[in-house]
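Residue-level structural notes
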Amino acid sequence: MKLLHTSDWHLGRAFHRVSMLGAQAGFIDHLVETVREHGVDVVLVSGDVYDRAVPPLAAVELFDDALHRLAGLGVPTVMISGNHDSARRLGVGAGLIGRAGIHLRTDPAGCGTPVVLHDAHGDVAFYGLPYLEPALVKAEFGVDKAGHEAVLTAAMDRVRADLATRPTGTRSVVLAHAFVTGGEQSDSERDITVGGVAAVPSGVFDGVDYVALGHLHGCQTLTERVRYSGSPLPYSFSEAAHRKSMWLVDLDADGSVTAERLDCPVPRPLARLRGTLDDLLADPELAAHEDAWVEATLTDPVRPADPMARLAERFPHTLSLVFDPERPPDDPAVSYARRLAGRSDQEIAEDFVAHVRGAGPDGHERTVLRDAFDAVRADDSLREAR
Ligand SMILES: [Mn+2]
């Protein structure tokens, strides 16, 4: 059975000030073409279909178009909600859409109920695990400690229990939206840290033949059977080195897996340039990037006049301008943004306590801070779930 694994479409998301809707429509064309060209049997979409709980109309229309075209191909699709989707909204009409062969799994209670498809070698059970926000689903799974590992383990226990009741030789595929240990992050994934721990070990998924992951936006292989497809398009400059792709997975009669990486179309390359404004405007080697979406980091010790307009003369698709003047590191003018770069909310808050009080937080205070951040995140998710 040939599976096509993709995720993190983020329909409706903009890249800096550029709407990505045209590029997203181009990806849907590519997806449909790929399904046809490679004789795909099942399409898997592992969450973050939309970028937000209430997506713009144009994104909803594009999703509608994608559903009709996938159903028109007669190729079944299994889809789950991600942390950016409103599971409840996305799940509206799932019963009807399912009759057309598009299986939307957005309800945590359905984790142990697979979509069963067949090929010449027998059954394949597809378990769709929607994004499981620990604070929201701990009652459903009967776990006391709301953490990602606890709820995913409980969900996978249901998967394994169901699988054990099926005929011997039933092959199995899990779709999940999670941060699995060993995966590499980029700047366009929304933080899902809970209790200071966001990542779950890949061993949580033991016992199934293939795990189609979503959430991280870079295509990556954790084990032969556990992979991220990554997003089909870049959503931050930290993804400049990514080659966006999908996995074409051949699931054999005995459950063995062969995966081939299929590249997605590139609407426009990304370039991160660094130097003084005059250097960037003059360096002949940068000619290759003149048509790219550009993030320019200017190192001029004194901020030059009108930098965006001047850059745009050579790089008309400049989207992001960062100032990082070359000064000694102890210079108080070293930018606030640079001091915060790459730090978690928790670290920034702990530093703030140390800065205003002269001593950092103790163990109890650290827990108070962590609980506060968890509560805010759970509240955000709750609001979106409604
Ligand atoms: Mn995502």
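Sequence order sets the numbering: in each chain, residues are counted from 1 along the sequence as written. Side-chain atom pairs in this predicted model are given and counted only at pLDDT of 80 or more, local residue features only at pLDDT of at least 70, and totals for whole chains, interfaces and linings cover all residues. Only hydrogens and water are set aside; all other atoms, that is, all heavy atoms of the structure, feed into the side-chain values.

1. Examining the overall build of the chain
Only runs of H or I of at least four residues qualify as helices and only runs of E of at least two qualify as strands under DSSP, and these elements are numbered from the N terminus. Helix and strand counts for the chain stand at eleven helices and 19 strands. Its C-alpha atoms give the chain a radius of gyration of 23 Å, within 12% of the compact-globule value 21 Å for 386 residues. Only protein chains enter the accessibility calculation, which uses a 1.4 Å probe; a residue whose area is less than 20% of its type maximum is buried, one above 50% is exposed, and one in between is partly exposed. Across the 386 residues that make up the chain, the buried fraction comes to 49%. Relative to all contacts within the chain whose residues are 6 or more apart in sequence, the contacts with residues 24 or more apart total 68%. Taken as a whole, the chain presents about 17,800 Å² of accessible surface, with 52% of it coming from carbon and sulfur. For the chain, the distance from the average site of its 38 positive side-chain charges to the average site of its 58 negative ones is 3 Å. Our radius of gyration looks at C-alpha atoms and nothing else; its globule reference is 2.2 Å times the residue count to the power 0.38. Whether two residues touch is decided by their heavy atoms; if any such pair falls within 4.5 Å, the residues are in contact. For every accessible area listed, the method is Shrake-Rupley and the probe measures 1.4 Å; residues are considered covered only by the protein chains on display. The charged-residue count follows a simple rule in which Lys and Arg add positive charge and Asp and Glu add negative charge, with His and chain termini not counted at all. One atom stands in for each charge, and that atom is NZ of Lys, CZ of Arg, CG of Asp or CD of Glu.

2. Some details on the nonpolar core
The term nonpolar core refers to a set of buried residues drawn from Ala, Val, Leu, Ile, Met, Phe, Trp, Tyr and Cys, joined through side-chain atoms within 4.5 Å. Core analysis: the largest hydrophobic core is formed by 32 residues, its most contacted members being Leu129, Phe141, Val174 and Phe205. Broken down by secondary-structure element, the contributors of at least two residues to this core are β8 (122–128), α5 (134–141), α6 (148–164), β9 (171–177), β10 (179–180), β12 (210–214) and β14 (226–228). Setting aside residues up to four positions removed in sequence, Leu129 forms contacts with Ile80, Cys111, Leu152, Ala155, Met156, Val159, Val174, Leu175, Ala176 and His177. In this structure, Val45, Tyr50, Phe63 and Leu90 belong to the second largest nonpolar core, which totals 28 residues.

3. Here we look at the sheet that holds strand β5 (residues 77–80)
With mixed pairing, six strands are arranged side by side in an open sheet as β6-β5-β4-β1-β15-β16. Edge positions in the sheet fall to β6 (102–105) and β16 (257–263), since each has one partner strand and no second. Strand-to-strand, the axes of this sheet are offset by a mean angle of 20 degrees, without reference to chain direction. Pairing of strand β1 (residues 2–6) with strand β4 (residues 42–46) involves four bridges; the strand directions are parallel. Across the sheet, the residue bridging to His5 is Leu44, located in β4. Packed on one face of the sheet, helix α1 (residues 21–37) meets β1, β4, β15 (245–251) and β16 and runs near 165 degrees to β1. When DSSP finds at least two bridges between two strands, those strands are taken to pair. Interaxial angles span 0 to 180 degrees and are taken between N-to-C directions of axes, which are lines fitted to C-alpha atoms, for helices over the stretch in contact.

4. Considering the domain arrangement of the chain
Throughout, the edges of the domains are those of an automatic or database domain assignment. What the domain assignment reports for the chain is domain 1 (2–263), domain 2 (270–323) and domain 3 (332–385). Contacts between the two partners involve 13 residues from domain 1 and, on the opposite side, eight residues from domain 3. When two components associate, each loses some accessible surface as probed by a 1.4 Å sphere; the sum of these losses over both components is called the buried area. Of the roughly 860 Å² buried between domain 1 and domain 3, counting both surfaces, carbon and sulfur atoms make up 51%. Salt bridges are identified by distance alone: a Lys or Arg side-chain nitrogen within 4 Å of an Asp or Glu carboxyl oxygen. Put simply, domain 1 and domain 3 have one salt bridge between them.

5. Describing the packing of α1 against helix α2 (residues 57–73)
When two helices pack together, their arrangement is captured by the angle between the axes and the distance separating the axes. Contact pair α1 / α2: the axes reach a minimum separation of 11 Å and the direction vectors enclose 10 degrees. By the angle between their axes, α1 is roughly parallel relative to α2. Residues Leu21, Gln24, Ala25, Ile28, Asp29, Leu31, Val32, Val35 and Arg36 of α1 form the contact with α2, whose participating residues are Ala58, Ala59, Leu62, Asp65, Ala66, Arg69, Leu70 and Leu73. Side-chain classes are defined by residue name, with Ala, Val, Leu, Ile, Met, Phe, Trp, Tyr, Cys and Pro counting as nonpolar, Asp, Glu, Lys and Arg as charged, and the others, Gly among them, as polar. Looking at the contact of α1 with α2 residue by residue, the class counts come to twelve nonpolar, one polar and four charged. Any angle between 65 and 115 degrees counts as roughly perpendicular, while under 35 counts as roughly parallel, over 145 as roughly antiparallel, and the rest as oblique.

6. A closer look at empty space enclosed by the protein
Both site types are read off a 1 Å grid over the protein atoms alone. A 1.4 Å probe that fits but cannot get out defines a cavity, while an open set with protein on both sides within 12 Å along at least five of seven lines defines a pocket; lining residues have an atom within 4 Å of a point. Grid points are joined across faces, edges and corners, and a volume is the space filled by probe spheres set on the points. Under the criterion given, the structure shown has two cavities of 30 Å³ or more. Lining the largest cavity, in full, are Leu129, Pro130, Tyr131, Leu132, His148, Val151, Leu152, Ala176, His177 and Ala178. At the level of elements, α6 and β9 are the ones that each hand at least two residues to the lining of the largest cavity. Sorting elements by how many residues they give to the lining of the largest cavity places α6 first, with three residues. Taken together, the residues of the lining of the largest cavity break down into eight nonpolar, two polar and no charged.

7. Details of the sheet that holds β12
Taken in spatial order, the six strands of this open sheet run β7-β8-β9-β12-β14-β13, and their pairing is mixed. A single partner strand is all that each edge strand has here, and the edge strands are β7 (115–119) and β13 (220–223). Put simply, the sheet's adjacent strands are angled 20 degrees from each other on average, direction ignored.

8. What about the environment of Gly47?
Within the secondary structure, Gly47 sits in the loop between β4 and α2. A relative accessible area of 0% means that Gly47 is categorised as buried. For the pair Gly47 and His177, spaced 130 residues apart in the sequence, the C-alpha separation amounts to 6.0 Å. Beyond its immediate chain neighbours, meaning those up to four positions away, Gly47 contacts Ser7, Asp8, Trp9, Ile80, Ser81, Gly82, Asp85 and His177.

9. Some words on the pattern of salt bridges
A complete count under the given rule lists 24 salt bridges for this structure. A salt bridge links Arg274 to Asp324, with the nearest nitrogen and oxygen atoms 3.1 Å apart. Here the residue Arg274 occupies a position in strand β17 (residues 270–275), and Asp324 occupies one in the loop between β19 (318–323) and α9 (336–340), the gap between them amounting to 50 residues. One salt bridge connects Asp278 with Arg310, and the closest N-O pair in it is separated by 3.2 Å. Here Asp278, found in helix α7 (residues 277–282), pairs with Arg310, found in helix α8 (residues 307–314); they are 32 residues apart in sequence, far enough to count as distant. Salt bridges here are not isolated pairs; linked through shared partners, they connect Asp191, Asp345, Asp374 and Arg377.

10. Examining the pairing of β17
It is a general feature of regular strands that their side chains alternate between the two faces of the sheet. Here six bridges tie β17 to strand β18 (residues 293–298), and the two strands are oriented parallel to one another. When the sheet's bridge partners are listed, Leu270 is paired in β18 with Trp293. Each parallel crossover has a hand, and the one from β17 via α7 to β18 is right-handed. Here the term right-handed applies to a crossover when the path leading from its first strand over the helix to its second strand runs clockwise, the strands being oriented away from the viewer.

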